[in-house]
Number of protein chains: 2
Amino acid sequence: METLTASSSWQLLHQEMQRRWPVTPDELDAIVRYALLPAGKMIRPIMTLHCAAAVGGDPEPVLPAALALEYVHVATLVHDDIIDNDDVRRGRASVPAAYGVPNAIIAGDQLIFDAFAAITGSQHAGLPAGGVVAAVSALAEAGAALCRGQSLESRLAGDLSVGVEPYLEVARLKTGALFRAACQVGAALGGADPATIGALADYGEQLGIAFQIRDDLLSYTEQPDLIGKSTTSDLSNGRATLPVLLAWAASSPDGRTALTGALRDGAASQAAVTLVADAVRATTALERSYALADEYAGRAHRQLAVLAPSASTDVLAAVPGWATARRW
Amino acid sequence: METLTASSSWQLLHQEMQRRWPVTPDELDAIVRYALLPAGKMIRPIMTLHCAAAVGGDPEPVLPAALALEYVHVATLVHDDIIDNDDVRRGRASVPAAYGVPNAIIAGDQLIFDAFAAITGSQHAGLPAGGVVAAVSALAEAGAALCRGQSLESRLAGDLSVGVEPYLEVARLKTGALFRAACQVGAALGGADPATIGALADYGEQLGIAFQIRDDLLSYTEQPDLIGKSTTSDLSNGRATLPVLLAWAASSPDGRTALTGALRDGAASQAAVTLVADAVRATTALERSYALADEYAGRAHRQLAVLAPSASTDVLAAVPGWATARRW
């Protein structure tokens, strides 16, 4: 395989995705296809491929396993859209809005099972069974963490007094865990030793947390049509993102009461959205959020010292930068 | 390990289940525990253990992988109870009725991921990686089949003119596939050769179909409190079970219209339940359903010719009999 860049790996993954999900008359296939395609940035599978290559493995046989990371990611989006009652995703109707809740439950489950089938498919491509088992184990652990993150997030909803730590724990469980697994799967299938797999796992986890912080900042920095989903979903679901938590901590008692009220609003009225945005902008919450994202990105970057120089090492080194850039 | 009987293997599995799911303060743990315990008949994990033992393997290290089959089974029950809007399961509130739809979605997902984590856990118990990969692959394929079965069943809802074949296909996908995987996982982890794994896979699939036919007959032969779930759920969801399909085929045009109307009723009124039960009993539908269950059970039984005589072979040979018995 020729040297992979970030963009050529996206093309490769996209081709493989389309090959594996052709148009068929089957309704469930159509729903899964709708959930997966057109593909998003596929950052997790791209990291899997480049971790495999950066440790000296051939990324080609890792392709199906890399797609498994996207399957699990998309499955959680589909199920989260039911839980959060979100009608819009990637700029169009979410799966539950387009096909109903029962179909969305089934399509999400299907994607999870297909993810594990895709990883075991790597063995047919000649990868050793020990690496495949390690990859399955990493993905299963990440999936369990995702569920715990979703559950913890629901329990925290509406409470701004909990501080930053629970937010970071949710980010670690809901986003860090799957980034971590993306790197573990790539490194394990690429034949890395345990120390290298561990370093890349930590790289992925720190990067995932940075990425989540940055993602939560989009509501304050981008127009809704650019981010392709509702900017009020977090508020409607009482979800306190980092800027809101920081703004609450920096506010007067009256300001705190108003912020808590806006978060409990439920309907996420325009007034509530404006109130929260004003409170966030009245403090240093955005700057402090960027700074924390940069801190996690920096920690991620430092883990890469274990890798030999290569084109894929360069790609991995560049991700923390663009994942936390002020503009993409 | 001492010689396993059907009942000692249930005890062993139940102990392991309780050890793995202790009472904790975590809400998600509590929901998963509620879904899993008290345990049901655990027929799938019992088959996994006995398949492992029957091919000459040690069932002890297979215990976590055997529980994986129960996790996936229970996950599908939890998600099906959302889809079918069923409030009762195993004689008490279903998971969505007790904890709400969002928690039920997350708990089901958690069980699926835990299933794959449990199978990879077998490797720590010293089982070879190749067998673990085969077991993961079998479970992932079965899970995908379960989703396709659920989807096909929804599409068939309300239509009695489709005949028996689609019903059997749904039974194969929704029940046969996981019984098949239960046997594949046990045989693969027990170290069986491919031909033996294949025969036990077919045993499981045929047995699963027999089991599903028998399960669908319970509505006509048992009191609701004995089967622990709503006897009207199938009707409410327009689900045409084998006796209803056979009764429809044997009915006059007016009788067919009445049956179709009862199935489309939606609310599953007592009048609709009575109409369907009377129509079924007015024909040979129940006898013919029992006969078809016996036929599949017989096919399952014949697959066991590949096994050497042992206590576990005896257990496997006995299952088709009790799975299709008129009374349990």
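Residues numbered from 1 in each chain as written. Chains lettered and ligands numbered in written order. Predicted model: local features only at pLDDT ≥ 70, side-chain atom pairs only at ≥ 80, totals over all residues. Heavy atoms only, no water.

(A) Spatial organisation of the overall build of chain A. Summing up its helical and strand segments, chain A has 16 helices and two strands in all. By the compact-globule yardstick of 20 Å for 328 residues, chain A fits well, its C-alpha radius of gyration being 20 Å. Expressed as lengths along the three principal axes of its C-alpha atoms, the size of chain A is roughly 65 × 50 × 30 Å. By sequence separation, contacts in chain A at least 24 residues apart represent 76% of the contacts at least 6 residues apart. Accessible surface computed for chain A: about 12,300 Å², of which carbon and sulfur atoms make up 53%. Charge separation in chain A, taken as the distance between the mean sites of 24 positive and 35 negative side-chain charges, equals 3 Å. (Helix = DSSP H or I, 4+ residues; strand = E, 2+ residues; numbered from the N terminus. Rg over C-alpha atoms; globule rule 2.2 N^0.38 Å. Contact = heavy atoms within 4.5 Å. Areas by Shrake-Rupley, 256 points an atom, 1.4 Å probe, with all protein chains shown as cover. Lys, Arg positive; Asp, Glu negative; His and termini not counted. Charge placed at Lys NZ, Arg CZ, Asp CG, Glu CD.)

(B) Just helix H7 (residues 129-156) of chain B, in detail. All names here are of chain B. For H7, spanning 28 residues, the distance from its first C-alpha to its last is 40 Å, which sits close to the expected 40 Å at 1.5 Å a residue. Across the 28 residues that make up H7, a large majority, 21, are buried. Following H7 by one or two positions, Gly158 adopts a phi angle in the positive range, close to 90°. (Expected span 1.5 Å × (residues − 1). Buried < 20%, exposed > 50% of the residue type's maximum accessible area, 1.4 Å probe, protein only.)

(C) How the structure looks around the relation of the copies chain A and chain B. Each copy superposes on the other: chain A lies on chain B with an RMSD of 0.0 Å after a rotation of 180° and an axial shift of 0.0 Å. The relationship between the two copies is best expressed as a two-fold rotation axis. For chain A, the minimum C-alpha distance to the rotation axis belongs to A:Ala129 and amounts to 2.7 Å. When the interface residues of chain A are mapped onto chain B, 100% of them again fall at the interface, so both copies present the same face. (Least-squares fit on C-alpha atoms with pLDDT ≥ 70 in both.)

(D) Main features of the side chain of A:Gln184. Residues and elements named next belong to chain A. Mapped onto the elements of the fold, Gln184 is located in helix H8 (residues 164-189). On the basis of relative accessible area, Gln184 is assigned to the buried category, the value being 18%. Apart from residues lying up to four places away in sequence, Gln184 is in contact with Ala138, Ile197 and Ala201.

(E) Spotlight on the interface of chain A and chain B. Across the contact, 35 residues belong to chain A and 35 residues belong to chain B. Summing the contributions of chain A and of chain B, the shared interface buries around 3,300 Å²; its carbon and sulfur component is 71%. By the criterion of area lost to chain B, the three top residues of chain A are A:Phe113, A:Val133 and A:Arg148, representing 20% of everything that side buries. Counting across the interface, chain A meets chain B through eight salt bridges. A salt bridge links B:Arg155 to A:Asp26, with the shortest nitrogen-to-oxygen separation between them at 3.6 Å. For the interface between chain A and chain B, the tally reads six residue pairs in polar contact (both at pLDDT 80 or more). Elements with a contribution of two residues or more to the side of chain A that touches chain B: helix H2 (27-36), helix H4 (63-83), helix H6 (101-124) and helix H7 (129-156) of chain A. Considering each element in turn, the side of chain A that touches chain B owes the most residues, 15 residues, to H7(A). (Buried area = accessible area lost by both parts, 1.4 Å probe. Salt bridge = Lys/Arg side-chain N within 4 Å of Asp/Glu carboxyl O. Polar contact = N/O pair within 3.5 Å; in protein donor to acceptor, adjacent residues only side chain to side chain.)

(F) Looking closely at empty space enclosed by the protein. All names here are of chain A. Going through the model one piece at a time under the given rule, you end up with four cavities of 30 Å³ or more. Empty space within the largest cavity amounts to approximately 160 Å³. What lines the largest cavity is a set of 15 residues, and nearest its centre among them are Glu153, Leu156, Tyr167, Val170 and Ala240. It is H8 that contributes the most residues to the lining of the largest cavity, four residues altogether. (1 Å grid on protein atoms, 1.4 Å probe; cavity = no way out; pocket = protein on both sides within 12 Å on 5 of 7 lines; lining within 4 Å. Points joined across faces, edges and corners; volume = space filled by probe spheres on them.)

(G) Examining the side chain of B:Thr175 more closely. Residues and elements named next belong to chain B. Turning to its location among the elements, Thr175 is positioned in helix H8 (residues 164-189). With a relative accessible area of 5%, Thr175 lands in the buried category. Apart from the residues lying within four places of it in its own chain, the contact partners of Thr175 are Arg44, Val170, Gly208, Phe211 and Gln212.

(H) Representation of the nonpolar core within the structure. Residues A:Phe116 and B:Phe116 are the most contacted members of the largest nonpolar core, which totals 126 residues. When sequence neighbours within four positions are dropped, the list of residues in contact with B:Phe116 reads A:Phe113, A:Phe116, A:Val136, A:Ala140, B:Val136, B:Leu139 and B:Ala140. Membership of the second largest hydrophobic core comes to 32 residues, among which are B:Leu160, B:Ala210, B:Leu242 and B:Tyr290. (Core = buried A, V, L, I, M, F, W, Y, C linked by side-chain atoms within 4.5 Å.)

All we've got here are geometric facts, nothing functional implied.
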